[in-house]
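Here are the chains, one letter per residue:
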Amino acid sequence: MKTLFILRHAKAENAASGMPDFERVLSERGRGQAQACGEFLKQQNLKLDLVLSSPALRARETAESVISAAGLNCDIRFDQKIYEASSQTLFALVSEIDEARSSLMMVGHNPGLEDLIHMLTGRSEHLSPAMIAKISFEVEQWDGVSDNTSLLDWVVKPDQLDAEQQ
């Protein structure tokens, strides 16, 4: 069995005049959202084998903060292909994961992440910043994952995380 967690980066600062989108950082609210995501994952006693993230600053900050807050000891890779990726590109990245890794978190951007959830599960979910989804696959290898053959276990919104932390 394989498990994929999909996390849209937390709330970012608005782009300043002339600032490239790639260099946008998390807002104060976004830093709190990433912390809450990590604390939620810690409460779930989840184990991750790999975090695969966009290298855009807001995604990088989100991934690093979530890993730290969750107390996870896992590999993290930043892959340029995730930035502005289509669902097909993201799907290809998932299918290339080493079979020894059973749980993966992908941190990235819309619309690719929303489209990937729809491709894998047949369900349409709007992912606002810092939303996280868990998808399970009844396969032994990542290259056995196919579209519309998985189970969307849950989707957690940032306001739900805030409520659970109180």
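All of the points below concern the structure found in this document. Within any chain, residue numbers begin from 1 and follow the written order of that chain's sequence. For this predicted model, a pLDDT threshold of at least 70 governs which residues receive local features, and a threshold of 80 or more governs which side-chain atom pairs are given and counted, while totals over whole chains, interfaces and linings are taken from all residues. Think of the side-chain values as coming from all heavy atoms in the structure, minus any hydrogens and water.

Thoughts on the overall build of the protein
Numbered from the N terminus, helices here are DSSP runs of H or I no shorter than four residues, and strands are runs of E no shorter than two. Of the regular secondary structure elements, the protein holds 5 helices and 6 strands. The order of α-helices and β-strands along the protein, N terminus first, is β-α-β-α-β-α-β-α-β-β-α. Here the radius of gyration uses the C-alpha set of atoms, whereas the globule reference equals 2.2 Å times the residue count to the power 0.38. Taken against the 2.2 N^0.38 rule, which gives 15 Å for 166 residues, the C-alpha radius of gyration of the protein at 15 Å falls within 12% of a compact globule. Oriented by its inertia axes, the alpha-carbon framework of the protein measures out at about 45 × 35 × 30 Å. Partly exposed describes any residue whose relative accessible area lies between the buried limit of under 20% and the exposed limit of over 50%, with all areas from a 1.4 Å probe on protein chains only and scaled to the type maximum. When the 166 residues of the protein are sorted by exposure, 50% land in the buried category. Any two residues whose heavy atoms approach within 4.5 Å at even a single point are treated as in contact. Restricting to contacts in the protein with at least 6 residues of sequence separation, those with at least 24 account for 76%. Reported accessibility uses the Shrake-Rupley method at a 1.4 Å probe radius. Residues are deemed covered only where the shown protein chains occlude them. Within the structure as shown, the protein displays about 8000 Å² of accessible surface, and the carbon and sulfur contribution to it stands at 44%. By the counting rule applied here, Lys and Arg register as positive and Asp and Glu as negative, while His and the ends of each chain are not counted. Working definition for charges: the position is that of NZ of Lys, CZ of Arg, CG of Asp or CD of Glu. Here the protein carries 16 positive and 25 negative side-chain charges, and the mean point of each set is 3 Å from the other.

Focus on the side chain of Thr 62
Mapped onto the fold, Thr 62 is located in helix H2 (residues 57-70). Residue classification places Thr 62 among the buried residues on the basis of a relative accessible area of 1%. If sequence neighbours within four positions are ignored, Thr 62 has contacts with Leu 7, His 9, Ala 10, Leu 26, Ala 34 and Val 107.

Notes on the sheet that holds strand E3 (residues 75-78)
Note on sheets: strands pair through backbone hydrogen bonds, and any given pair is parallel or antiparallel. Ordered in space as E3-E2-E4-E1-E5-E6, the 6 strands form an open sheet in which the pairing is mixed. Where the open sheet ends on each side, the last strands, each with one partner, are E3 and strand E6 (151-156). This sheet shows a mean twist of 15° between the axes of neighbouring strands, independent of strand direction. Here a strand pair is declared whenever DSSP counts at least two bridges between the two strands. Sheet analysis places strand E5 (residues 132-137) next to E6, joined by 5 bridges and oriented antiparallel. Of the residues in E6, the one forming a bridge with Ser 136 is Leu 151. Across the sheet, helix H3 (residues 87-95) is in contact with strand E1 (2-8), strand E2 (50-53) and strand E4 (103-108); its angle to E4 comes to roughly 150°. Lines fitted to the C-alpha atoms define the axes, with helices restricted to the stretch that makes contact. Angles between their N-to-C directions range from 0 to 180 degrees. Against the sheet, helix H4 (residues 112-121) makes contact with E1, E4, E5 and E6, and its axis sits at roughly 150° relative to E1, the strand it touches most.

Quick notes on the nonpolar core
For this analysis, a nonpolar core means a set of buried residues of the types Ala, Val, Leu, Ile, Met, Phe, Trp, Tyr and Cys, connected via side-chain atoms within 4.5 Å. Ranked by size, the top nonpolar core spans 27 residues in total, and within it Leu 4 and Met 106 carry the most contacts. Those elements that provide at least two residues to this core are E1, E2, H3, E4, H4, E5 and E6. When neighbours within four sequence positions are excluded, Leu 4 is seen to be in contact with Val 94, Leu 104, Met 106, Leu 116, Leu 120, Ala 133, Lys 134, Ile 135, Phe 137 and Trp 142. Residues Phe 40, Val 66, Cys 74 and Met 105 belong to the second largest nonpolar core, which totals 24 residues.

Focus: the packing of aromatic side chains
Think of it this way: a Phe, Tyr or Trp ring, Trp meaning its six-membered ring, pairs with another when their centres are within 6.5 Å, and the plane angle makes it stacked under 30 degrees, edge-to-face over 60, tilted otherwise. Scanning all chains against the criterion turns up 4 aromatic pairs. Aromatic side chains Phe 5 and Trp 154 sit 6.0 Å apart centroid to centroid with 50° between the ring planes, which places their arrangement in the tilted category. Residue Phe 5 is located in strand E1, and its partner Trp 154 is located in strand E6; the two are separated by 149 residues in the primary sequence. Pairing Phe 22 with Tyr 83 gives two aromatic rings, centres 5.0 Å apart and planes at 85°, and the pair type is edge-to-face. Taken together, the residues span a long stretch of sequence, with Phe 22 in the loop between E1 and helix H1 (28-43) and Tyr 83 in the loop between E3 and H3 at a distance of 61 residues.

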